[in-house]
Amino acid sequence: MNNSLLERKIDKRPDRVLLKGRILFLTEDPELIKRQLAGEDLPWDTKNPASNPKLRDDISTDEITPAHYCFYFDETLGEIPYLGLKCGGGTPIGRGDVKRGGFVAAVSGKRRGKGSSREQSPYAEMCAGIKLVIAENIERIYKQNCQNLGVLTSTDFSLIDQIRTGQEIALSEFTKGEDEITRQVIEYGGLFPFNVARMQGKVFLPAIGSGSGTKSQSPHPLDKLGTGSVAQNATSVGQPRPMTIAEKIFARHMINEKGEAGVASVKPGDSGFAKADLRFSHEYVTPMAAIFFEHYVGKDAKVNDPASIIFFRDHLTFLDEVISEEKKKLGLLDLATQLKLKQQEFAAKQGIKLHGELKDRKGSEGICHSIVLESYALPGQLNIGSDSHTPHVGAIGCVAFGIGTTDVFNGWITKDVRVKVPESVRIVIRGRKHENVTAKDFILKILSLDYVRSGKALAKVMEYAGEAIEELSVDERATMTNMAAEIGGFTGIVAPDKKAVDFLVQRRGMDRKKAESMIEGLYSDPGAQYAHVIELDAAEITPMVATPGDPGNGKYIRELNTPVPVEIAYGGTCTAGKNEDMDMYAAVLADALKRGKRVADSCKFYIQFGSQETRDYCVRKGYLEIFQKAGAHVIEPSCGACINAGPGVSTRPDQVVISAQNRNFPGRSGPGQMYLASPYTVAASAVAGYIVEYEPSEKKELVTA
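We now turn to the structure provided with this report. (Residues numbered from 1 in each chain as written. Predicted model: local features only at pLDDT ≥ 70, side-chain atom pairs only at ≥ 80, totals over all residues. Heavy atoms only, no water.)

**Structural notes on the pairing of strand 16 (residues 491-494)**
Here is step 1 of the chain: With burial as the criterion, each face of strand 16 is covered, one bearing Thr491 and Ile493 and the other bearing Gly492 and Val494.
Here is step 2 of the chain: Sheet topology note: the strand 15 (residues 461-465)/strand 16 ladder contains 4 bridges and is parallel. The partner of glutamate 463 across the bridge, within strand 16, is isoleucine 493. (Buried < 20%, exposed > 50% of the residue type's maximum accessible area, 1.4 Å probe, protein only. Helix = DSSP H or I, 4+ residues; strand = E, 2+ residues; numbered from the N terminus. Pairing = 2+ DSSP bridges.)

Laid out in structure tokens, this is it:
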């Protein structure tokens, strides 16, 4: 531990807050926003909300800070909040508008901050002067990032009147309903000052499971944390209550009163710190976290246990091929290069493993989620990563979740992460699926449900079960757990079984008995409690798409009223660049070639590997030749088009794209109209030139015979 932190003076915030400034209402009407930016204060009736203009719902972090502007990792971000905010078909907020407007609070509707875990979003708001965010409900990672930075959040619209009349607001208004640790994080003004106070033994840490506790008796509880893997080293503990699989894993990892990992049991609402087996970040986040670390901890300070930290250069490898001349003139390509260099420098200085760019050709070693599943994650672990799709590895029975920049750099100090044990939602898909239906169709169906769209699933564990889930491979299960992020869930998980063991044996070369021992006890107990249970019949689900604007806009392809021509088809990313995804692209294209067809002249089809391991798999299977003969463009691993940083992005607002990626928020992958679909559907649509279900030729022959 850095001794200077033990001597640093840390004070709490005053117990009353005076927010002096204007309020920005993010409405659906762009003209109302423009009037506010021009100096008009919008009237707002907190007593009769139905009489107010409609607020924008579902504001994503892509809209708060568009991807290209996240190349900044300093206070320059204060010039760009809401640059991508879509209202009435336009983007009414320009660079510097919010900062010039003197706004102290921003107000919106449902599901504020959905999508990416990028902490650049609340940091940009904070640097522009926003000290309070008010919304009907707020996504978990975004809210936690706000709290970590010291930005206040609330769902209480009556605060609008208090701000406008110049009243001081009790700090307790922002801490009520929060767990004990979150309350103190808010009171100390952020996660870092709280953690310093924690190291100094000044904070109140509740005993896990009791809802109360006493101040830690040890001034240096973090010194007791070892460097081994909890998942492998945790001793057997008593289990006084039935637990879900996620709760069991949390119980293994929660720090107890002795400063060690492991408690008898946990229940939803228990708050504390959980020891992380693995911590990773990519080049969008590492540089900002490194600057925070060097600024707050020290230039020469060392991270805690570098062997359990991994860095990835996976997001921006192909950026130079698609970035516009306008953005180049703004220096954004140069800034992106600085992200890469800062990450390399910090990795070398700290002795941290970096999965970087290829030496012999353009591309990366692989996307972080792909490589973590292929090479690192183990059943029963607790993993944290700088990306909302970190739940990917829940496919083999891990609790894995995305965190923001402040959590990342604090984790480098403490090797643990703040956790409030979430409730679980059990999603049971029974029966047998249709041959042309995939995990992506399942998740698009789940995303379309009212329970999810209304925000009731926010911050909960998505536990997938049922015969149809059990039949899925680990690669396909990863699609389900990965897209728990789009649900707004805390994480996604599937209880590990023989298929998980086979994956570890075949893909890792692990000893079978060792793999089998890892999954022992990793299942939900009979009697475990769930916030909600969703039951679906696989036989009732046919191939789906999510129409442009949101992954929750799911509908069956056969419900599309007219054919939808597509100009771009994209298969790749962490969600759809895995081995089995490649099997699907290859099956569709091989089938087309047999029938004398290939990718339609009106469409460009891009296939991008998630990792070099998947590329090697395609070489062994002979898929590269099939892709080439069918007219698909093959791309080396990178996040690419999904993050608006590689081939496959749209360039015109009227351009229609069908993609196997995970998100289609406005502007995320270019200005076009993006439909989300399964690998089967994407490949079949590329061949047809319009959105269509895939039907294997054998099935067609049976039908016509």
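**Some remarks on the pairing of strand 24 (residues 673-677)**
Along a regular strand, successive side chains alternate from one face of the sheet to the other.
Here is step 1 of the chain: Within strand 24, 4 of the 5 residues are buried, which leaves the element mostly enclosed by the surrounding structure.
Here is step 2 of the chain: Note that strand 18 (residues 544-546) and strand 24 share 2 bridges and pair antiparallel. Note on strand 24: the bridge partner recorded for valine 545 is alanine 677.
Here is step 3 of the chain: Bridge count for strand 23 (residues 656-659) against strand 24 is 4 bridges, and the pairing is parallel. In the sheet register, valine 656 faces strand 24, and the bridge partner there is glutamine 673.

**A short note on the state of the cysteines**
Here is step 1 of the chain: Scanning the entire structure with this criterion turns up 0 disulfides.
Here is step 2 of the chain: Cysteine cysteine 618 is unpaired, with the sulfur of cysteine 574 as its nearest cysteine sulfur at 16 Å.
Here is step 3 of the chain: Note on cysteine 618: relative accessible area 0%, which makes it buried. (Disulfide = S-S within 2.5 Å.)

**Remarks on helix 2 (residues 30-37)**
Here is step 1 of the chain: All buried positions along helix 2 are accounted for by Pro30, Leu32, Ile33, Gln36 and Leu37. For helix 2, the angular spread of buried residues about the axis comes to 160 degrees, placing them on one side.
Here is step 2 of the chain: Looking at the buried residues of helix 2, the elements they touch are strand 2 (22-25), helix 4 (97-101) and strand 3 (103-107).
Here is step 3 of the chain: Backbone nitrogen of glutamate 31 and a side-chain oxygen of the N-cap are separated by 2.9 Å at the start of helix 2; the cap is aspartate 29.
Here is step 4 of the chain: Directly after helix 2, the chain includes glycine 39, whose backbone phi takes a positive value near 120 degrees. (Arc of directions from axis to C-beta. Contact = heavy atoms within 4.5 Å. Polar contact = N/O pair within 3.5 Å; in protein donor to acceptor, adjacent residues only side chain to side chain.)

**Topic: empty space enclosed by the protein**
Unfilled space is identified by rolling a water-sized probe across the atoms.
Here is step 1 of the chain: As enumerated under the stated definition, the model contains 5 cavities of 30 Å³ or more in all.
Here is step 2 of the chain: Considering only enclosed or pocket space, the largest cavity measures out at about 240 Å³ in volume.
Here is step 3 of the chain: In terms of lining residues, the largest cavity is bounded by 23 residues, among which His282, His315, Asp387, Ile643 and Arg668 are the most central.
Here is step 4 of the chain: Residue classes in the lining of the largest cavity are distributed as 8 nonpolar, 11 polar and 4 charged.
Here is step 5 of the chain: Looking at the second largest cavity, its volume works out to about 120 Å³.
Here is step 6 of the chain: Contributing to the lining of the second largest cavity are 15 residues, with Glu139, Ile141, Ala485, Gly488 and Gly489 lying nearest its centre.
Here is step 7 of the chain: Contributing elements (two or more residues each) for the lining of the second largest cavity: helix 6 (140-149) and helix 22 (484-487).
Here is step 8 of the chain: Here the lining of the second largest cavity takes 3 residues from helix 6, the largest share from any one element.
Here is step 9 of the chain: Per-class residue counts for the lining of the second largest cavity are 6 nonpolar, 7 polar and 2 charged. (1 Å grid on protein atoms, 1.4 Å probe; cavity = no way out; pocket = protein on both sides within 12 Å on 5 of 7 lines; lining within 4 Å. Points joined across faces, edges and corners; volume = space filled by probe spheres on them. Nonpolar A, V, L, I, M, F, W, Y, C, P; charged D, E, K, R; others polar.)

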